[in-house]
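# Descriptive structure summary
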Amino acid sequence: MVESAFGNTKLHFGDIIVISCYFIFVLFVGLWTSRQNRGSAGGYFLAGRSLNWVPVGASLFASNIGSLHFVGLAGSGAAAGIAVGIYELHAAYIVMLLGFVFLPVYMSSGIYTMPQYLQHRFGGVRIQIYLAVLALLVYIFTKISADLFSGVIFIEQALNWDMYGAICLLLAIAAIFTITGGLTAVVWTDFFQTIIMFIGATVLMIISFYKVGGFSEMVEKYPNAISNSTRYGNNTCGLPRGDYMHMFRDAVDGDIPWPAITGLVINSIWYWCSDQVIVQRALAGKTYGHAKAGTILCGYLKILPLFFIVFPGMISRILFTETVGCSDPDICSDVCGSKTGCSNIAYPTLVINLLPDGARGLMLAVMLAALMSSLTSIFNSSSTIFAIDIWTHFRKKASELEIMIVGRLFVVVLVVISIIWIPVIKASQGSQLFVYIQEVSSFLQPPLCAIFLMGIFWPRLNEKGAFSALIVGLITGLVRFILQYAYTVPDCGSDEPDPTPSMVKNFHYLYFSVFLFVFTSVVAIVVSLLTKPIDPRCLERLTWNTRHSTKARLDIDKVDQIEMKDLEAGNGDKVEVEKNHGFSVNDVPVVVEEPVSYPRRALNWVCGIDADNKDQLSKQQIKMPDMLSIDESEKSRKITGTAAILLAVVVAFLFGFFA
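Residues numbered from 1 in each chain as written. Predicted model: local features only at pLDDT ≥ 70, side-chain atom pairs only at ≥ 80, totals over all residues. Heavy atoms only, no water.

## Brief notes about the overall build of the protein
Summing up its helical and strand segments, the protein has 30 helices and 2 strands in all. Going through the 659 residues of the protein one by one, you find that 58% of them count as buried. Residue pairs in contact within the protein that sit at least 24 positions apart in sequence constitute 82% of those at least 6 positions apart. In the form shown here, the protein has an accessible surface area of approximately 25800 Å², with 65% of it arising from carbon and sulfur atoms. (Helix = DSSP H or I, 4+ residues; strand = E, 2+ residues; numbered from the N terminus. Buried < 20%, exposed > 50% of the residue type's maximum accessible area, 1.4 Å probe, protein only. Contact = heavy atoms within 4.5 Å. Areas by Shrake-Rupley, 256 points an atom, 1.4 Å probe, with all protein chains shown as cover.)

Next up, the structure:
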């Protein structure tokens, strides 16, 4: 422990040097690799669509695995055993669903964002704006706030900083990545950090198993990892679950009931197949083959967290029972500042106590790097959604410079709102941060999953049906959201009754996810069948059956204005389809060349505007039709198919082994 400018830390001076050098190097890598793709919105938001399968797959994984996972997954492993690993293993199947089913439709439609896809698919602006706003709310209430909170846990444990001082450090580094580099910087730093995460987590896993005596000893000792306050108290708080080594748990009493896996799949389809943060990385692949291979690589990487994070979390409870496994509210409050339990400090406790000097600093840097990967990914995707899906509706003639400045400034606004929400998470998330994320997801994501699935596979779904279902689903989900967090659950061992209504506390959030999905699907189907269908000519390359179509796609918002007699007379070429993808020349903002002053040149450099690249968003799409191709070679198809089958078999074996 050293007294330094960092305060009274638990780190050796060498650890601090390693952390500092690590972040300097990562910043250099990110900004250096981004220099080729900073000059346009297409480069900033989609990395110029020039990435091969390795960085795509690594970025998909790193964007998903943040400090939230190292804190939340390990914490749930310490609190309840291996069942939480099902979240990671089943994701391997869902991410392949993205590569083989959803991605061909997205790429052939030529979209930048998920709200943009819905606008092309259904027309109007209601659904596009709805999804954009809801996605930003989900990012604030779950991803950004929870990632910041989990990062704060690491910094508080290692540096003894207060919460908001730690947040300022994290945000400063993340902002540099996102605001200056764009998606290219994010992807390549994700790739580098994935390698470091793999090495660091492997080393710590090996040390953890060595300390506990191996896998069999972990299985034997875990049920006896009971703190003294529980062992000699008068309640059962903090006792390990009897089914701690079972991945599939009781349908009624299980913390993750096995039938509720359907709800987990619903939430995951939205996250992996229609969330901007994830899909944006796959869309950055230079070909469909590379993008699909990247999703398969990510699927293989998703096997690792069970071994690298969940098992070490269980070991942490065994080695540090009195802190990680505490149950007395007063003791827990002294240990980690939370009366509901301290399982969230399971992984940071391992890092600080088991690793030697220097290596400890590197591993903490890895944890913070994981946080940076998640934050930068979310910041970049959020700025993309706001700039393209919201801002351009108010400023239809917005220039390239304006769009990119607005996207960067919005990151600052998003950060401020997220910081305000952190105390709410700290007060309500309980001892398992990962559970909080899954609960919120179950309340908000199923309607979106339903609309994306039906939008791709059921051409009859129209705008009225989709929008009605989204509104009904949002209201229903918000009611459950409010009821879930409106009541304060008594501390463990308290004699006070739980005021939460039985319809909430006895209706598992994953079961609610299934209910909400079915309910909104029924609403969408009924309303669509009662209203006018969409003209099939407006759905070219927007549904599964039309993904290979080469026909011109009509603009869904303009087709109703065309008189049938013009079409019957052979004047259909007058429709606004001259660009073959539903874009009109009139939609492309015109950039007037003006002499560039020195202050303007400085501003362009900061914002990444290349004076030689003035292409606008839609114009860039039109000039690069190969970006819309989903063709792949026979060799590539066989390799990815074989790799996908092998991945499915490996994951099925793991499910069976730990069932």
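Resuming the write-up.
## Remarks on helix α15 (residues 288-301)
A rise of 1.5 Å per residue sets the reference length of α15, with its 14 residues, at 20 Å; its end C-alpha atoms lie 20 Å apart and thus fit the reference within 8%. Most of α15 sits inside the fold, with 11 of its 14 residues counted as buried. (Expected span 1.5 Å × (residues − 1).)

## Regarding the pattern of salt bridges
Here the structure, examined in full by the defined rule, presents 10 salt bridges. A single network of salt bridges, built from pairs that share partners, joins R241, D243, R249 and D255. (Salt bridge = Lys/Arg side-chain N within 4 Å of Asp/Glu carboxyl O.)

## Here we look at the environment of S208
As for its position among the elements, S208 is in helix α10 (residues 183-212). Considered as a pair, S208 and V351 are 143 residues apart in the sequence and their alpha carbons are 9.7 Å apart. Not counting chain neighbours up to four residues away, the residues in contact with S208 comprise P312, I315, L350 and L354.

## Thoughts on the nonpolar core
Residues Y87, F102, Y106, Y117, M218, W272 and Y347 are the most contacted members of the largest nonpolar core, which totals 151 residues. Considering every element that reaches this core, the biggest residue donor is helix α6 (residues 91-109), with 12 residues. Setting aside its immediate chain neighbours within four residues, F102 contacts L97, I269, C273, L453 and I456. Among the nonpolar cores identified, the runner-up in size contains 20 residues, and L148, L371, I385 and F386 belong to it. (Core = buried A, V, L, I, M, F, W, Y, C linked by side-chain atoms within 4.5 Å.)

## Here we look at the side chain of S521
On the secondary structure map, S521 appears in helix α26 (residues 509-530). Among the polar contacts listed, one links the side chain of S521 to the backbone oxygen of F517, at a separation of 2.7 Å. Contacts of S521, omitting those with residues within four sequence positions, involve A450 and M454. (Polar contact = N/O pair within 3.5 Å; in protein donor to acceptor, adjacent residues only side chain to side chain.)

## So, the packing of aromatic side chains
A full pass over the atoms with the stated rule returns 22 aromatic pairs. With a centroid separation of 6.1 Å and 45° between ring planes, the pair formed by F102 and Y106 is classed as tilted. Pair noted here: F102 and Y106 are both in helix α6, with a separation of 4 residues, about one helical turn. A relative accessible area of 0% means that Y106 is categorised as buried. Ring geometry for F512 and F515: centres 5.9 Å apart, planes at 50°, overall tilted. One end of the pair is F512 and the other is F515, both in helix α26 and 3 residues apart, which spans about a single turn. Residue classification places F512 among the buried positions, given a relative accessible area of 5%. (Phe/Tyr/Trp six-rings, centres within 6.5 Å; stacked < 30°, edge-to-face > 60°.)

## Side note on a nonpolar patch on the surface
Taken together, the side chains of I195, F198, I199 and V203 present a nonpolar region at the surface, about 340 Å² in accessible area. Its place among the elements puts V203 in helix α10. Residue classification places V203 among the partly exposed residues on the basis of a relative accessible area of 41%. (Patch = residues over 30% accessible without salt bridge, like charges linked within 9 Å, V, L, I, M, F, W, Y side chains within 5 Å.)

## Quick look at helix α30 (residues 634-658)
In a regular helix each residue adds 1.5 Å, so 25 residues correspond to 36 Å; α30 covers 37 Å between its end C-alpha atoms and thus fits that length. Every buried residue belonging to α30 is among S636, T640, A644, L647, V651, L654, F655 and F658, and all of these are buried. Those residues of α30 that are buried lie in contact with α5 (86-89), α6, α11 (215-221), α15 and α16 (304-319).

## Re the packing of α16 against helix α19 (residues 346-354)
Closest axis-to-axis distance for the α16/α19 pair is 8 Å, and the angle between their directions is 70°. Comparing the axis directions of α16 and α19 gives the class roughly perpendicular. Counted together, F308, I309, P312, G313, S316 and L319 of α16 and A346, Y347, T349, L350 and L354 of α19 form the full contact between these two elements. Each residue belonging to the contact of α16 with α19 can be placed in one class, and the counts come to 8 nonpolar, 3 polar and no charged. (Axes fitted to C-alpha atoms, helices over the stretch in contact; angles between N-to-C directions. Parallel < 35°, antiparallel > 145°, perpendicular 65-115°, else oblique. Nonpolar A, V, L, I, M, F, W, Y, C, P; charged D, E, K, R; others polar.)

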